[in-house]
Amino acid sequence: MAALAARPPLRAAEFYSGVGGWCYGAKRAVADLDVDVEIAFAVDASTTCNDVYAYNLNQRPSQRQIERLAKDDLEGLDGWLLSPPCQPHTRQRDPGDDHTDDRDPRAASFLHLAETLEGLERPPRFVCLENVVGFEASRCRERWHAALRRAGFARPKCWHLTPTLVGVPHERPRYFECAVRRDNEHDAARRDGRDWDAPQPAAAWPRPVSVMQRPVADFLEWPAALGAPGAADAVAPWLLPDALLEKDAAWCLDVVDATATTPTACFTRSYGRFARGTGSVVHVRDAADAPGLEELGLARSSPEARTFGDDWRGRAPRLRYFAPKEVANLLGFPKAFAFPPGGVSRKAAWAAMGNSLHVDAAAAVVRVALGDLGLA
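Throughout this description, residue numbers start from 1 for each chain and increase along the sequence as written. It should be noted that, the model being predicted, local features are given only for residues of pLDDT at least 70 and side-chain atom pairs only at 80 or more, the latter also being counted only at that level, while totals for whole chains, interfaces and linings use all residues. Working from all heavy atoms in the structure, the side-chain values ignore hydrogens and water.

### As for the overall build of the protein
Using the following cut-off: Strands are runs of DSSP state E lasting at least 2 residues, helices are runs of H or I lasting at least 4, and numbering of each runs from the N terminus. Throughout, exposure labels follow a simple rule: accessible area from a 1.4 Å probe, protein chains only, divided by the maximum for the residue type, with under 20% read as buried, over 50% as exposed, and the rest as partly exposed. Here, two residues are considered to be in contact whenever any of their heavy atoms come within 4.5 Å of each other. Shrake-Rupley sampling with a 1.4 Å probe provides the accessible areas, and residues are treated as covered by the protein chains on show and by no other component.
Counting its regular elements, the protein contains twelve helices and ten strands. Relative to its 376 residues, the protein shows a buried fraction of 51%. At a minimum sequence separation of 6, the contacts of the protein that also span at least 24 residues come to 77%. Summed over its atoms, the accessible surface of the protein is roughly 17200 Å², and 51% of this surface lies on carbon and sulfur atoms.

### Topic: helix H5 (residues 139–150)
Selection rule: By definition here, a helix of n residues has an expected span of 1.5 Å times n minus one. It is the directions from the helix axis to the C-beta atoms whose arc is reported.
For H5, which comprises twelve residues, the first-to-last C-alpha distance of 17 Å matches the rise-based estimate of 16 Å (1.5 Å per residue) to within 8%. Listed in full, the buried residues belonging to H5 are Cys140, Arg141, Trp144, His145, Ala147 and Leu148. Down the axis of H5, the buried side of the element spans an arc of 155°, and every buried residue falls inside it. Where the residues of H5 are buried, they touch strand S3 (79–82), helix H4 (108–117), strand S4 (126–132), strand S5 (157–161) and strand S6 (174–180). One or two steps after H5, the chain reaches Gly152, where phi turns positive at roughly 90°.

### Remarks on the nonpolar core
This is how the line gets drawn: Residues belong to one nonpolar core when they are buried, are Ala, Val, Leu, Ile, Met, Phe, Trp, Tyr or Cys, and are joined through side-chain atoms within 4.5 Å.
Counting residues in hydrophobic clusters, the biggest one holds 41 residues, and the most contacted among them are Leu253, Phe322, Phe333, Phe337 and Met353. When contributions to this core are tallied by element, the ones reaching two or more residues are helix H2 (47–57), helix H8 (242–245), strand S8 (254–257), strand S9 (280–283), strand S10 (319–321), helix H10 (324–330) and helix H11 (346–354). A per-element tally of this core places H11 first, with four residues. Among all residues touching Phe322, those that are not within four sequence positions of it are Val216, Leu220, Val256, Thr264, Phe267, Tyr271, Ser280, Val281, Val282, Val327, Leu330 and Trp350. Among the nonpolar cores identified, the runner-up in size contains 32 residues, and Leu10, Cys178, Val180 and Leu375 belong to it.

### A word on the sheet that holds S10
What counts here: Strand pairing is assigned whenever DSSP detects at least two bridges linking the two strands. Between N-to-C directions, angles cover 0 to 180 degrees, with each direction set by a line fitted to C-alpha atoms, over the stretch in contact for helices.
With respect to topology, three strands assemble into an open sheet ordered S8-S9-S10, the strand pairing being mixed. A strand with exactly one partner marks an edge of an open sheet, and here the two such strands are S8 and S10. Averaged over all adjacent pairs, the angle separating strand axes in this sheet is 45°, with direction ignored. In this sheet, S9 lies alongside S8 in parallel orientation, the contact comprising four bridges. Note that in S9 the partner of Asp257 across the bridge is His283.

### Details of empty space enclosed by the protein
The condition is simple: With a 1 Å grid spanning the protein atoms alone, the term cavity applies to any set of points in which a 1.4 Å probe fits but cannot get out, the term pocket to an open set with protein on both sides within 12 Å along at least five of seven lines, and the term lining residue to any residue with an atom within 4 Å of a point. Grid points are joined across faces, edges and corners, and a volume is the space filled by probe spheres set on the points. Any residue outside Ala, Val, Leu, Ile, Met, Phe, Trp, Tyr, Cys, Pro, Asp, Glu, Lys and Arg is labelled polar, Gly included; the first ten of those are nonpolar and the last four are charged.
Using the criterion set out here, one finds one cavity of 30 Å³ or more in the structure. Of the pockets and cavities examined, the largest cavity occupies roughly 40 Å³. Residue lining of the largest cavity: Glu130, Leu161, Thr162, Pro163, Arg172, Arg174, Phe176, Leu357, His358 and Ala361, and that is the complete set. Within the lining of the largest cavity, the residues separate by chemical class into five nonpolar, two polar and three charged.

### Focus: the side chain of Arg181
Just so we agree on the cut-off: For the purposes of these results, a polar contact is taken to be a pair of N or O atoms within 3.5 Å, where, inside protein, one atom must be able to donate a hydrogen and its partner to accept one; residues adjacent in sequence count only when each atom of the pair is a side-chain atom.
On the secondary structure map, Arg181 appears in the loop between S6 and helix H6 (185–189). Of the residues examined, Arg181 reaches a relative accessible area of 9% and is grouped as buried. Polar side-chain contacts of Arg181 include one of 3.2 Å to the backbone oxygen of Pro124.

### Quick look at the packing of aromatic side chains
Rule in force here: Note on ring pairs: Phe, Tyr and Trp rings are taken, using the six-membered ring of Trp, and paired if centres are within 6.5 Å. Classes follow the plane angle, with under 30 degrees stacked, over 60 edge-to-face and the rest tilted. For a ring to carry a charge above it, either NZ of a lysine or CZ of an arginine must fall within 6 Å of the ring centroid while also lying within 35 degrees of the normal to the ring plane.
Per the counting criterion, the structure on display carries 17 aromatic pairs. Centroid distance Tyr321 to Trp350: 5.3 Å. Interplanar angle 55°. Geometry classified as tilted. In this pair, Tyr321 sits in strand S10 while Trp350 sits in helix H11, placing the two residues 29 residues apart along the sequence. Per residue, the accessibility class of Tyr321 equals that of Trp350, and both read buried. On the numbers, 5.5 Å between centres and 80° between planes, the contact of Phe337 with Phe339 is edge-to-face. Put simply, the rings of Trp222, Trp238, Phe267, Tyr271, Tyr321, Phe322 and Trp350 touch in pairs and so form one group of aromatic residues. Across the ring face of Trp238, the terminal group of Arg346 is positioned such that the distance to the ring centre comes to 4.2 Å.

### A closer look at the environment of Glu177
For Glu177, the position within the fold is in strand S6. Taking relative accessible area as the criterion, Glu177 reaches 1% and is therefore assigned buried. Linking Glu177 and Val366, residues 189 residues apart in sequence, is a C-alpha distance of 9.3 Å. In this structure the side chain of Glu177 is engaged in a polar contact, spanning 2.8 Å, whose partner is the side chain of His145. Of note is the side chain of Glu177, whose polar atom sits 2.5 Å from the side chain of Tyr175.

### Describing helix H12 (residues 359–372)
An ideal rise of 1.5 Å per residue puts 20 Å on 14 residues; H12 measures up with 20 Å between its terminal C-alpha atoms. Burial in H12 covers these residues: Val359, Ala361, Ala362, Ala363, Val365, Val366, Val368, Ala369 and Leu370. Packed against the buried residues of H12 are strand S1 (10–15), helix H1 (21–29), S3, S4, S5 and S6. Gly374 sits one or two residues past H12 and shows a positive phi near 80°.

The structure is reproduced here in structure tokens:
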């Protein structure tokens, strides 16, 4: 946050606020500017996420249904920050299903926001949105962009971003976009569509030439090797149970070495419940200088490329989960970010982080929007 803001703070709404990813991203975006962003209104349906948000940001989001928000609730805000439900657009959904995309009931709140936006007398000056890759091909985006156009916004800028672009060993590819409305004569001309005729594909975010990939160990709070005093006790609560390692499902685990820069897989809200496709686990070495996965012949490969059987079980290394705080570290949340003591279960914390976004990616997108407004 700027020490002395020369301008009044920009007042923003954070829809589907989760644990505050957009709020942290906005604060990071203006850290060296003479303008601040304050969250004037946050809303999320999750009690757990709202507990975490309030614990860290001293503001409790509303749990009102977004579909029930009226124009008067949203007039006059400077910015909208939102991560609409991704389930209607995930790769697991069948495109031929009658309940996907804008026909999915979970898209109703987002479509309500789109309808409300174009009817506001004082719409926001900027909007920033995050969703899963694939959202860019949805009818929901078409309807959202139509609302932006009618509200006088410039064509959105759209990207695919993932944390590896900023040196973080974590793969979480997401769709981001931002759009601005300067409310001048040129913007008024946009309502007739002259700036909107060309297709709007999502571009790859430019990769900085000088970025070095950091090792997974930089983001850990608990040990990834035994031998040091207290390490075994610290690791014990996070070890994968033997019952899981003995199941065929263990074949699907994505395993990373803490000393490597190999990116961790995307963490989902089902982390800790299912083995496949929910996030990586950490190889715990017997000592800091013990053989890694490569030396053990267990280097990462796709499950289809692995041989599974008693031989694999015999060589399977000691594995542990990433703690929720470690997932938060990989997602760019500040060091001070924490979960309420005794108030959030491990699985609930994993679910909250699995629904979150990468703070640095959010900050980059907000920064572009503020630049387009002449504020950065």
